[in-house]
Amino acid sequence: MQNRTKFWHGWLMVMSAAVMVFGSLMMLAPELTRNLFSVLLYSASGRIDGLDPEAVRYITLAHGVLGAVMFAWGLAIFLILSGVFRRERRKAWNIIALSLAAWYLPDTLFSLWTGFWQNALLNTVLAALFALPLAVLHRRTERELP
């Protein structure tokens, strides 16, 4: 791999690891997760914890399940970058780009539809951190492959 390709490949590896870490935190640190989303969505720490205890338990469950899914998605991307990318760049690129779009579009549209633009903004930042290296790698892959 050329130096620029290595850099952007490494960037994607770090991003996939960051998704796994965030997903793990959602499962292992539920209080922190609720506070982060309280600040993000309501600009007030502890707002979610101030809800009915049954609602807080359900939100904790939803965050934990979402965290597990995020961890698995990050792991899948990490493994693709560790293996398939080295042998079949175009195929690996397609898998990662399609999985990113399959998450970003419905999640962001649903966030906007339900009035939580803050989550749509967070999604856009995360998607951009993946999209930039994917765009560069796509151009490089197209030039390098027959």
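This text follows the structure it describes.
Residues numbered from 1 in each chain as written. Predicted model: local features only at pLDDT ≥ 70, side-chain atom pairs only at ≥ 80, totals over all residues. Heavy atoms only, no water.

Trainee: How would you sum up a nonpolar patch on the surface? Please name residues and give values.
Mentor: Taken together, the side chains of L105, L109, L112, W117, L121, V125 and L129 make up a nonpolar region of the molecular surface, amounting to roughly 690 Å² of accessible area. At the level of elements, α5 (89-113) and α6 (117-144) are the ones that each hand at least two residues to the nonpolar patch. Sorting elements by how many residues they give to the nonpolar patch places α6 first, with four residues. Residue position: L109 is located in helix α5. (Patch = residues over 30% accessible without salt bridge, like charges linked within 9 Å, V, L, I, M, F, W, Y side chains within 5 Å. Areas by Shrake-Rupley, 256 points an atom, 1.4 Å probe, with all protein chains shown as cover. Salt bridge = Lys/Arg side-chain N within 4 Å of Asp/Glu carboxyl O. Helix = DSSP H or I, 4+ residues; strand = E, 2+ residues; numbered from the N terminus.)

Trainee: How would you summarise the nonpolar core if you had to cite specific residues and measurements?
Mentor: Counting residues in hydrophobic clusters, the biggest one holds 26 residues, and the most contacted among them are L81, F130 and L134. Secondary structure elements with two or more residues in this core: α1 (3-28), α2 (30-42), α3 (53-82), α5 and α6. Non-local contacts of L81, meaning those with residues more than four positions away in its chain, are made with H9, L12, M13, S16, R86 and I96. (Core = buried A, V, L, I, M, F, W, Y, C linked by side-chain atoms within 4.5 Å. Buried < 20%, exposed > 50% of the residue type's maximum accessible area, 1.4 Å probe, protein only. Contact = heavy atoms within 4.5 Å.)

Trainee: With reference to specific residues and values, describe α5.
Mentor: Taking 1.5 Å as the rise per residue, α5 with 25 residues should run 36 Å; its terminal C-alpha atoms sit 36 Å apart, in good agreement. Burial in α5 covers these residues: R89, A92, W93, I96, A97, L100, W103, T108 and S111. Looking one or two residues beyond α5, the residue adopting positive phi is G115, at roughly 90 degrees. (Expected span 1.5 Å × (residues − 1).)

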